[in-house]
Amino acid sequence: MSIEPKEAVAKPPFALSEVEGQAPRMGFDFAQPERKVRGRRNGFTLVELMVVIVIIGLLATIVALNVLPSGDTARVQKAKADIATIEQGLELYRLQLGSYPTTTQGLAALVSAPAGVDAGRYQAGGYIKRLPQDPWGRAYLYASPGQHGAADVWTLGADGKDGGEGIDADIGSWQ
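Every chain begins its residue count from 1, and numbering advances along the sequence as written. Residues qualify for local features only when their pLDDT is at least 70, as the model is predicted, and side-chain atom pairs are given and counted only at 80 or more; totals for whole chains, interfaces and linings, by contrast, use all residues. As a convention, hydrogens and water are excluded, and side-chain values are obtained from all of the structure's heavy atoms.

Enquirer: Mind showing me how you'd approach the sheet that holds strand E1 (residues 141-143) here?
Expert: Strands in a sheet are paired, the pairing made by backbone hydrogen bonds, and the direction either parallel or antiparallel. Strand pairing requires that DSSP identify at least two bridges connecting the strands. Helix and strand definitions here come from DSSP, where helices need a minimum of 4 consecutive H or I residues and strands a minimum of 2 consecutive E residues; each element is numbered from the N-terminal end. The sheet built from three strands is open, its strands ordered E1-E2-E3 with antiparallel pairing. A strand with exactly one partner marks an edge of an open sheet, and here the two such strands are E1 and strand E3 (171-172). Two strands pair when backbone bridges link them, and strand E2 (residues 152-155) and E3 are joined in this way by two bridges, in the antiparallel orientation. Residue pairing for E3: Thr155 is matched across the bridge by Ile171.

What follows is the structure, given as structure tokens:
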């Protein structure tokens, strides 16, 4: 009979708790009583939040200063495009009916036939689908005969008053 040597038992990769009745813990066991360590709480401090708010405010200011002037330019361009569309409708009206609508008939004559116009010669559906408002929410102005041509279409600009400079300047078909 031969006695075989006992195999060595492999140590687990963690230390077993020396206190009976407790489940084994992962990691190191320094055999010191647990202390309540006041750890860093999750979240941000007031200073961190204030720094972020200031940065966002600065970025918003930079964007606003660069974007707002382009809105004024876009309004002027829209007014010019609207006036060009109205002028095309007026020209079609003139070609079919022989004259521009009177100042009294106004631009509404481009959407529906005004009184006193031969309905057989008036284009079905009108000459433009609808009358646009200027970019500042007002109706375009019309005169026939105009001061600058046979028919004038214009808007008074952002301020709604005759004359002006920059975005307040009048925008007309003669420009």
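Now that the structure has been shown, we can carry on.
Enquirer: I keep staring at the nonpolar core and nothing clicks. Help me out?
Expert: In this description, a nonpolar core means a group of buried Ala, Val, Leu, Ile, Met, Phe, Trp, Tyr and Cys residues linked to one another through side-chain atoms lying within 4.5 Å. Here the term buried applies to any residue with accessible area under 20% of the maximum for its type, exposed to any over 50%, and partly exposed to those in between, with areas from a 1.4 Å probe on protein chains only. Ranked by size, the top nonpolar core spans 19 residues in total, and within it Ile86, Leu90, Tyr93, Leu107, Leu110, Tyr140 and Val153 carry the most contacts. The dominant element in this core, judged by the number of residues it contributes, is helix H1 (residues 46-97), at seven residues.

Enquirer: Can you walk me through the side chain of Ser173 in this structure?
Expert: Among the secondary structure elements, Ser173 is positioned in the segment after E3. Judged by relative accessible area, Ser173 falls into the buried class, the value being 17%. When neighbours within four sequence positions are excluded, Ser173 is seen to be in contact with Ile83, Glu87, Ala151, Asp152 and Val153. Should any heavy atoms of two residues lie within 4.5 Å, those residues are considered in contact.

Enquirer: Sorry if this is basic, but what is going on with a nonpolar patch on the surface here?
Expert: Excluding any residue in a salt bridge, patches collect residues exceeding 30% relative accessible area, merging like charges within 9 Å and nonpolar Val, Leu, Ile, Met, Phe, Trp and Tyr side chains within 5 Å. Only the protein chains shown count as cover for residues, and all accessible areas are computed by the Shrake-Rupley method using a 1.4 Å probe. We define a salt bridge as a side-chain nitrogen of Lys or Arg found within 4 Å of a carboxyl oxygen belonging to Asp or Glu. A cluster of nonpolar residues, Phe44, Leu46, Leu49, Met50 and Ile53, forms a patch on the protein surface that exposes about 580 Å² of accessible area. Turning to its location among the elements, Phe44 is positioned in the segment before H1. Taking the relative accessible area as the measure of exposure, Phe44 reaches 66% and is therefore exposed.

Enquirer: Hey, could you run me through the pairing of E2 in this one?
Expert: Here is the key point about a regular strand: its side chains alternate between the two faces of the sheet. Residue alternation in E2 divides its side chains into two sets, Asp152 and Trp154 and Val153 and Thr155, and both sets are buried. Here three bridges tie E1 to E2, and the two strands are oriented antiparallel to one another. Of the residues in E2, the one forming a bridge with Leu141 is Trp154.

Enquirer: Whenever I open this one, the side chain of Ser144 confuses me. Can you help?
Expert: By the element assignment, Ser144 lies in the loop between E1 and E2. For the purposes of these results, a polar contact is taken to be a pair of N or O atoms within 3.5 Å, where, inside protein, one atom must be able to donate a hydrogen and its partner to accept one; residues adjacent in sequence count only when each atom of the pair is a side-chain atom. In terms of polar contacts, Ser144 uses its side chain to reach the backbone carbonyl oxygen of Ala150, at 3.3 Å. Contacts of Ser144, omitting those with residues within four sequence positions, involve Tyr100, Pro101, Thr102, Thr103, Ala150 and Ala151.

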